Amino acid sequence: MSSEKTKVWEERITFRVLLLIFLGIFLSGCAHPSAKTEPVATNAGNKQPDPPSGVSRYGMKPGGSRAIPVELTRPTVMVTSCPIHLRDVTEESGVDFRHTDGSSGRHYIVEAMTGGVALFDYDGDGLEDIYFLNGSPLPGTVPPTIPTNGLYRNLGNFRFEDVSRLANAADEGFGLGVGVGDYNNDGFLDLYINNFGPNVLLRNNGDGTFTDVTRHAGVINGEKVGAGVAFLDIDKDGDLDLYVGNYLEFRYDQHVERTEQGYPVYPSPRDFQALPDTLYRNEGDGTFTDISIPSGIAVHAGTCMGIVAADYDGDCDVDVFVCNDVDANFLFINDGTGHFEEMGLLLGAAYNGWGDENASMGVDCGDYDNDGLLDFIMTSYQGEFPVLYRNMGEGRVEDVSAATNVGPPLFHYVNWGVGFVDFDNDGYRDIFIANGHTEDFIDFFDQTTSYKNPNTVLWNLRNGKFADVSRLCGSGLQPVHASRGAGLEDLDNDGRVDVVVLNSREHATIIRNETPLEHRWIMISLFARSQNRFGIGARVTVFAQELQSVAEVISGRGYQSHWGLRLHFGLGKARQVDRVEIRWLDGTVESFGPVEPNQWIVYCEGEGPISIKGP
């Protein structure tokens, strides 16, 4: 960490520590009646008493928060119309993937946590393909056929074909998280799959097939419960390193049986041992070295779920936001050399605005208010708000979930997949959230929620607030499932971002964006001739009349998913893009313009535009 950064943060430490001491003294005498009182696994030490009757595995009474005042749980913004139109095209798309969590009724904790989805162009034909993670049989389950992950090739015009086995991508592990990046700089996108059990690195051969190179690369990561994944260049050497999230330590003999009003429920992550995440340094020769300890990552154990790696503080190196389930989030600040310091508490990202840890699920990074700073949106559990962390500058974030109306519409849902996305191309990013409960018997003992839920679209009103327009968006928001991972990409290259949702125990949902083209747009991809070929970690700023919009090329985001190597910008009514500014990860800045809207442009480092395609 630079001395200038250290000085700025240290000036705030005294006040914050005094404030925390005061709050600790105050709250110790007035603990909320539904504060968490979770037990530990029955075969472990340090046992705690069972929670009070009616308290869920996350320590909240069903439908109730530990800290959020009741009056704030009611939506404050209502609209009666919305331009966004999303249509469910699953049946006609050819995508027949069906997810399994491997369950047999025993309620192992890993069942409810699967899994993510990746959207990326695996064959280089200019169309985004879909990769679904699947579970695998757990003890007590004997399936008629062995489930596998599913790779669906985009044929164009919203038609897809299953090429999982043909491409050698049909992994049979218990899939949880997935990341995409060109780790060997050959120009083809590779896959890393974070499983419950041994992980898998699939090298893209460039001929439509993959090869499992996990052992040679040294990234198997042991017998852990996986979570989010991110390819990132931690030291700006041009080789993509690998951040692998670890959820917790679990073996079948550690299983904790829990019931609620006589119904079986899943155990809490607090019933198990938290783990530090794993950071691998790319050696540039096809192999990786575990640097979790020297990098500072392994100093902190957590219950990782979703992660996102981005330069949120704008200092030309990649930081990492880690969602921890029922624990303080981590915000790892990179000092520019690949060494990290965990600063979540001091910078405002560890807890929500009430000082409460969340059952944090997924996270995305984007500039929702067009102030040039990258904000975070994080999903959470029933009885909590998803948290919108607004970037205040100088590394600080603040929870604006209630003030923006992001939290109240989702108070009764468990949320997972999440992403910033400009559905209507008005130049302001909306929010998509995938919903679905963990508890498959919740309908029988909690009337405030349900196991299967519709997903949510929060429309950005361009005044610092969002409106829940889910019921106004068309058939794409009508399916009711227990959704998990979600991906947001323009699947037909028409300038409108579409949606793919993985649903637990059911078929996936494919949603086509058919919003009227009343606004303009531009899509930008980055390319480098030798190192970090897809520009992961680079930042692009688009200037169009009064609009200034910023985005970064990110690998791994949302709920243990991946999308977004292509950057999509809505332009509103602007007739042209005045300037495209690219800040590569090494700090080099290039500017181009003016640029015509409604096209997809590929910019090559040091060369400028090398490909331009219309819709």
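Residues numbered from 1 in each chain as written. Predicted model: local features only at pLDDT ≥ 70, side-chain atom pairs only at ≥ 80, totals over all residues. Heavy atoms only, no water.

**Focus: the packing of aromatic side chains**
One pass over the structure, following the stated rule, counts 24 aromatic pairs. Seen in terms of ring centroids, Phe174 and Phe196 are 6.1 Å apart; in terms of plane orientation they differ by 80 degrees. Their pairing is edge-to-face. Of the two residues, Phe174 sits in strand E6 (residues 174-181) while Phe196 sits in strand E7 (residues 190-196), which places them 22 residues apart along the sequence. Looking at Phe174, the relative accessible area reads 1%, which means it is buried. One aromatic cluster is present, built from ring pairs that chain together Tyr108, Phe174, Phe196, Phe250, Tyr252 and Phe272. In this structure, Arg484 is placed above the aromatic ring of Trp416, and the distance from its NZ or CZ to the ring centre is 4.1 Å. Lying over the aromatic face of Trp600, Arg566 brings its terminal NZ or CZ to 4.7 Å of the ring centre. (Phe/Tyr/Trp six-rings, centres within 6.5 Å; stacked < 30°, edge-to-face > 60°. Helix = DSSP H or I, 4+ residues; strand = E, 2+ residues; numbered from the N terminus. Buried < 20%, exposed > 50% of the residue type's maximum accessible area, 1.4 Å probe, protein only. Lys NZ or Arg CZ within 6 Å of the ring centre and 35° of its normal.)

**Observations concerning the sheet that holds strand E2 (residues 117-120)**
Either a parallel or an antiparallel arrangement is found when strands of a sheet pair, and the pairing is made through backbone hydrogen bonds. The strand order across the open sheet formed by four strands is E2-E3-E4-E5, and the pairing between neighbours is antiparallel. The sheet terminates laterally at E2 and strand E5 (159-162), the two strands that pair on one side only. Shown here is a sheet whose adjacent strand axes are inclined to one another by a mean of 25 degrees, direction ignored. Sheet analysis places E2 next to strand E3 (residues 129-132), joined by four bridges and oriented antiparallel. Looking at the pairing, Phe120 lines up with Asp129 of E3. (Pairing = 2+ DSSP bridges. Axes fitted to C-alpha atoms, helices over the stretch in contact; angles between N-to-C directions.)

**Brief notes about unusual backbone geometry**
With an omega of -5 degrees, the peptide bond running from Thr114 to Gly115 counts as cis. Here Gly115 lies in the loop between helix H2 (90-93) and E2.

**Things to note about empty space enclosed by the protein**
With the rule as written, the count across this model stands at four cavities of 30 Å³ or more. In this model, the largest cavity occupies a volume close to 300 Å³. Lining the largest cavity are 24 residues, with Phe420, Arg429, Arg557, Trp563 and His568 positioned closest to its centre. Each of domain 1 (86-522) and domain 2 (523-610) gives at least three residues to the lining of the largest cavity. (1 Å grid on protein atoms, 1.4 Å probe; cavity = no way out; pocket = protein on both sides within 12 Å on 5 of 7 lines; lining within 4 Å. Points joined across faces, edges and corners; volume = space filled by probe spheres on them. Domains from an automatic or database assignment.)

**Regarding the environment of Ile220**
When you line up the elements, Ile220 lands in the loop between helix H3 (214-217) and strand E10 (226-232). Sequence separation between Ile220 and Ile193 is 27 residues, and the spatial gap between their C-alpha atoms is 9.8 Å. Aside from chain neighbours lying at most four places away, what touches Ile220 is Pro198, Asn199, Thr214, Arg215 and Tyr280. (Contact = heavy atoms within 4.5 Å.)

**As for the sheet that holds strand E26 (residues 396-399)**
The four strands lie next to each other as E23-E24-E25-E26, forming an open sheet whose pairing is antiparallel. At either end of the open sheet lies a strand with only one pairing partner, and these are strand E23 (363-366) and E26. Each strand of the sheet is rotated relative to its neighbour by a mean of 25 degrees, with strand direction disregarded. Pairing of strand E24 (residues 375-378) with strand E25 (residues 387-393), which is carried by three bridges, proceeds in the antiparallel orientation. Residue Ile377 lies in a different strand from E25, and its bridge partner there is Leu388.

**Brief notes about the confidence of the model for the chain**
Close inspection of predicted coordinates is inappropriate for parts of the model with low pLDDT. Counting all residues, the mean pLDDT for the chain is 90, and 89% of those residues have values of 70 or more. Contacts for the low-pLDDT stretch residues 1-65, under 50 throughout, to residues beyond four places or in other chains number 119 contacts. (pLDDT = per-residue confidence, 0-100.)

**Section: the pattern of salt bridges**
The final tally for this structure, using the stated rule, is 25 salt bridges. Here Arg583 and Asp311 are joined by a salt bridge, their closest N and O atoms 2.8 Å apart. Linking Arg583 in strand E40 (residues 579-583) with Asp311 in the loop between strand E18 (304-310) and strand E19 (319-327), this pair joins segments that are 272 residues apart in sequence. Pair check on accessibility: Arg583 and Asp311 agree, each one buried. Taking the shortest distance from any N to any O, the salt bridge between Arg496 and Asp494 comes out at 2.8 Å. (Salt bridge = Lys/Arg side-chain N within 4 Å of Asp/Glu carboxyl O.)

**What about the pairing of strand E11 (residues 241-246)?**
Across the six residues of E11, six count as buried, placing the element largely inside the fold. Side chains Asp241, Tyr243 and Gly245 project from E11 onto one buried face, and the interleaved Leu242, Val244 and Asn246 project onto a second face that is buried too. With three bridges connecting them, E11 and strand E15 (residues 278-282) associate as antiparallel partners. By the bridge assignment, Tyr243 is partnered in E15 with Leu279.

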